[in-house]
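Below, each chain spelled out in residue letters.
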Amino acid sequence: QRSIDFTSVGLDKEKIGIHTLGGTFGYTRADWFITDVLSVSAGAHSADRYGNSVTASYNSYNIRNEVRVGYLHDSISFASPVLISPRIGLVTDYVSVSAYTDSRGSSYSALSQPFAQASAGVNLRSHYEIAGISMKPFVDVSYTGLLSGRTVEVERSRRGIVNTVTDESDMHKFGLELGSEVEIGLQAKMRVAYIGSFSAKGSVNGITAGLQFDKAFETEFSLNYANGYSDGNIGVGGVNAFMGIKFVY
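A brief report on the enclosed structure follows. Note that the structure is a prediction, hence the values are computed from the model and not measured. (Residues numbered from 1 in each chain as written. Predicted model: local features only at pLDDT ≥ 70, side-chain atom pairs only at ≥ 80, totals over all residues. Heavy atoms only, no water.)

### Examining the nonpolar core
Spelled out, the test is: Residues belong to one nonpolar core when they are buried, are Ala, Val, Leu, Ile, Met, Phe, Trp, Tyr or Cys, and are joined through side-chain atoms within 4.5 Å. Relative accessible area decides the class of each residue, using a 1.4 Å probe on protein chains only: under 20% of the type maximum gives buried, over 50% gives exposed, and in between gives partly exposed. Think of it this way: any DSSP run of H or I at least four residues long counts as a helix, any run of E at least two long counts as a strand, and we number them from the N terminus. We call two residues contacting when some pair of their heavy atoms lies within 4.5 Å.
Counting residues in each nonpolar core, the largest one holds eleven residues, listed as Ala56, Tyr58, Val95, Val97, Tyr100, Tyr108, Leu111, Phe115, Val152, Val154 and Val165. Of all the secondary-structure elements, those providing two or more residues to this core are β3 (54–71), β5 (81–97), β8 (111–126) and β11 (151–158). Setting aside chain neighbours within four positions, we find Tyr100 in contact with Arg49, Ala56, Ser57, Tyr58, Ser106, Ser107 and Tyr108.

Written out as structure tokens, the structure reads:
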């Protein structure tokens, strides 16, 4: 969910409540696979600026589709076989941010803009049996490059003066995911991972954990810390948490 910062004020703080609904499609043929994830998000934003002296509230909506195509490479044998899965992808977003007026009287026009990103990555996964417990450690490294939508512009007006203000997204971003899946009996498995995102404007570091029961539904909880701001997100730093349920078929 994008949070556009047009003020460039180091004391900016923002709270965002997000609700997301989405679906995933996957198809595998021989050693090739394709996945498509479509999601719709609605966000309620509450911003404090200039050390809480200026406040604002607004809403945003985001429609995202991510298509990935990859290849399941033959395992490489070390202490345990390692499965290598390179992939490429395309991410498209359509973002809508409502017009709003802050408590100081500055008004910002509405924003509606598409964004497109190309991605590439590789996943390495292994499998171990330890004391009767099945563990599947993995490492995922990715790169995302912005194709369109780097510059975002809106009109700001105050006391009859209208000017154009801009925000710029990162052109390049690198991602790292490191964790493991652990099977708990025959009915459940647990997944724990570190997730990091790094760009010129800042970084996001987080821990995520999930439980899947009998392949029917999955619960997930994640905690993330942001340092700097990436892709127009929260400035300076912040902590956010996520909890959700996914139905698996």
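### A word on the side chain of Ser85
Considering the arrangement of structural elements, one finds Ser85 in strand β5. Given the relative accessible area of 9%, Ser85 is considered buried. Once you skip the residues sitting within four places of it in the chain, Ser85 turns out to touch Phe33, Tyr71, Leu72, Gly121, Val122 and Asn123.

### Quick word on the environment of Asp31
Secondary-structure assignment places Asp31 in the loop between β1 (13–29) and β2 (32–49). Spatially, the C-alpha atom of Asp31 lies 8.9 Å from that of Asp74, the residues being 43 residues apart in sequence. Sequence-distant contacts of Asp31, that is, excluding residues within four places in its chain, are made with Gly70, Tyr71 and Leu72.

### Digging into the pattern of salt bridges
As a reminder, the rule being used: Here a salt bridge means any side-chain nitrogen of Lys or Arg lying within 4 Å of a carboxyl oxygen belonging to Asp or Glu.
The final tally for this structure, using the stated rule, is seven salt bridges. For the salt bridge of Glu66 with Arg68, the shortest nitrogen-to-oxygen distance reads 3.0 Å. Residue Lys136 pairs with Glu183 through a salt bridge whose shortest N-O separation is 3.7 Å. With Lys136 in strand β10 (residues 133–148) and Glu183 in strand β13 (residues 172–184), this pair connects stretches of sequence that are 47 residues apart. A residue is classified by how much of its surface remains accessible, and Lys136, at 26% relative accessible area, is partly exposed. The class for Glu183 is partly exposed, based on a relative accessible area of 37%. Look at the salt bridges and you will find they share partners, linking Arg125, Glu181 and Lys189 into a network.

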